[in-house]
Amino acid sequence: MRNKTIRWGMIGCGNVTERKSGPAFWQVEGSSLEMVMARREEQASDYASRHGIARYTTDASALVADEHVDAIYVATPPDSHLEYALMAASAGKPCVVEKPMALTTDECDQMLAAFEKANVPLFVAYYRRSLPRFDVVRNWIEQGMIGNVRHIHWTYHRPPNSGDKEGKDNWRVNPAQAGGGYFVDLASHGLNLFQQWFGNIVVAKGIKTNQQGYYEAEDAVAASLAFESGVLGSGYWNFGAANREDRVEIIGSAGRIVCSVFGEDDFEIDGKEKASVNVENPDPVQYFHVENLIAHLNGDKEHPSSGIAGRNTTWAMEQILNG
């Protein structure tokens, strides 16, 4: 695929594709969105019409097999990632799936085995690994600006939303569709990012509970972690709090870094130097993620978010939720 435009087929036309991801697949140089698929024809037709996509279908297998589609983007809830990823592997086509990678570690392993056999790459849409905003933190760490990192702690809490209070259907808090609740949906972003900074998670233990009773999944989680670099970690996530907070504190032998995973506030360092830095995210936010996909598929560089890394995130969350 070197030095050619990569033509994507996208399975799923949900909210994440409207601004975060979909536009990046036709805005990035060397990338085009050739075809989209949704189970309901009116949804697929509407998306294609609004975004200027040439073709649409309600048949995922037809999209995957299409000779004008080079690579597959799976933008559906996690319960269908395995099915669609295996279709792509069988067709010998590279694939990127939305996060989290799959419902279980076992499903991740099935996906990895299939793509290894097909000798084509599998990626996961942990796009924060490609954002310049987080390169700031990674550079501070790699340059030793806070000495040797000892611990990372993430506090994340927010109030419940009105839909959950009213019992409205929401796949993100349906474990059969999502693999868990908001913890799996949101904490996966941060845990995967921390792996980029400190290596894979090798120990993960946790406590979960449902304090509000609005849905089946957990709504409060506490965890302890160990990374392969020797850094220890901890986290607290609650989705029934009075207010919103997203704070990551990285403690080193010579200082600390304070940042956030989802916020747009300044990142701060107090170590060998003291500074406050803010880098704006691109619009669409997955632009650099897709740009790195194109570079990888053209043989220019390795994409930072592989299926192997995505598998480690799912494994860690599974360990935390299993206690």
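Just so you know, these numbers come straight off a predicted model, no measurement behind them. (Residues numbered from 1 in each chain as written. Predicted model: local features only at pLDDT ≥ 70, side-chain atom pairs only at ≥ 80, totals over all residues. Heavy atoms only, no water.)

**Brief notes about the pattern of salt bridges**
Where side chains of opposite charge bring their charged atoms close, a pairing between them can arise.
Thought 1: Within the structure shown, the criterion is met by 15 salt bridges.
Thought 2: For Lys 99, the salt bridge is made with Asp 185, and the minimal N-O distance between the two is 3.0 Å. Note that Lys 99 is positioned in the loop between β5 (95–97) and α6 (105–118) and Asp 185 in helix α10 (residues 182–198), a separation of 86 residues in sequence.
Thought 3: The class of Lys 99 is buried, set by a relative accessible area of 10%.
Thought 4: Look at Asp 185 and you get buried, because its relative accessible area is 10%.
Thought 5: Here Glu 166 ties to Lys 168 by a salt bridge, and the two come within 3.4 Å at their closest N and O atoms. (Salt bridge = Lys/Arg side-chain N within 4 Å of Asp/Glu carboxyl O. Helix = DSSP H or I, 4+ residues; strand = E, 2+ residues; numbered from the N terminus. Buried < 20%, exposed > 50% of the residue type's maximum accessible area, 1.4 Å probe, protein only.)

**A look at the nonpolar core**
Thought 1: Phe 183, Phe 194, Trp 197, Phe 198, Trp 237 and Ile 250 are the most contacted members of the largest nonpolar core, which totals 47 residues.
Thought 2: A total of ten residues in this core trace back to one element, the largest contributor, which is α10.
Thought 3: In this structure Phe 194 touches Ile 152, Trp 154, Gly 199, Phe 227, Val 248 and Val 261, once residues within four positions along its chain are discounted. (Core = buried A, V, L, I, M, F, W, Y, C linked by side-chain atoms within 4.5 Å. Contact = heavy atoms within 4.5 Å.)

**A look at the pairing of strand β14 (residues 274–277)**
Thought 1: Relative to β14, strand β13 (residues 267–270) is paired through four bridges, and the arrangement is antiparallel. Note on β14: the bridge partner recorded for Glu 268 is Ser 276.
Thought 2: Connecting β13 to the antiparallel partner β14 that follows it, the hairpin turn spans three residues. (Pairing = 2+ DSSP bridges.)

**Re the pairing of β13**
Thought 1: Here β13 shows one buried face, formed by Phe 267 and Ile 269, and one open face, formed by Glu 268 and Asp 270.
Thought 2: In this sheet, β13 lies alongside strand β12 (residues 255–259) in antiparallel orientation, the contact comprising three bridges. Bridge pairing links Arg 256 to Asp 270 in β13.

**Examining unusual backbone geometry**
Thought 1: With an omega dihedral of -15°, the bond running from Lys 99 to Pro 100 counts as a cis peptide bond.
Thought 2: Tracing the backbone through its elements, the reader meets Pro 100 in the loop between β5 and α6.
Thought 3: Geometrically, the link from Asp 283 to Pro 284 is a cis peptide bond, its omega value of 5° lying close to zero.
Thought 4: Among the secondary structure elements, Pro 284 is positioned in the loop between β14 and α11 (287–297).

**What about helix α12 (residues 307–321)?**
Thought 1: The first and last C-alpha atoms of α12 sit 21 Å apart over 15 residues, in line with the 21 Å expected at 1.5 Å per residue.
Thought 2: Residues of α12 that are buried sit in contact with α6, β6 (122–124), α10, β8 (201–209) and β9 (220–227). (Expected span 1.5 Å × (residues − 1).)

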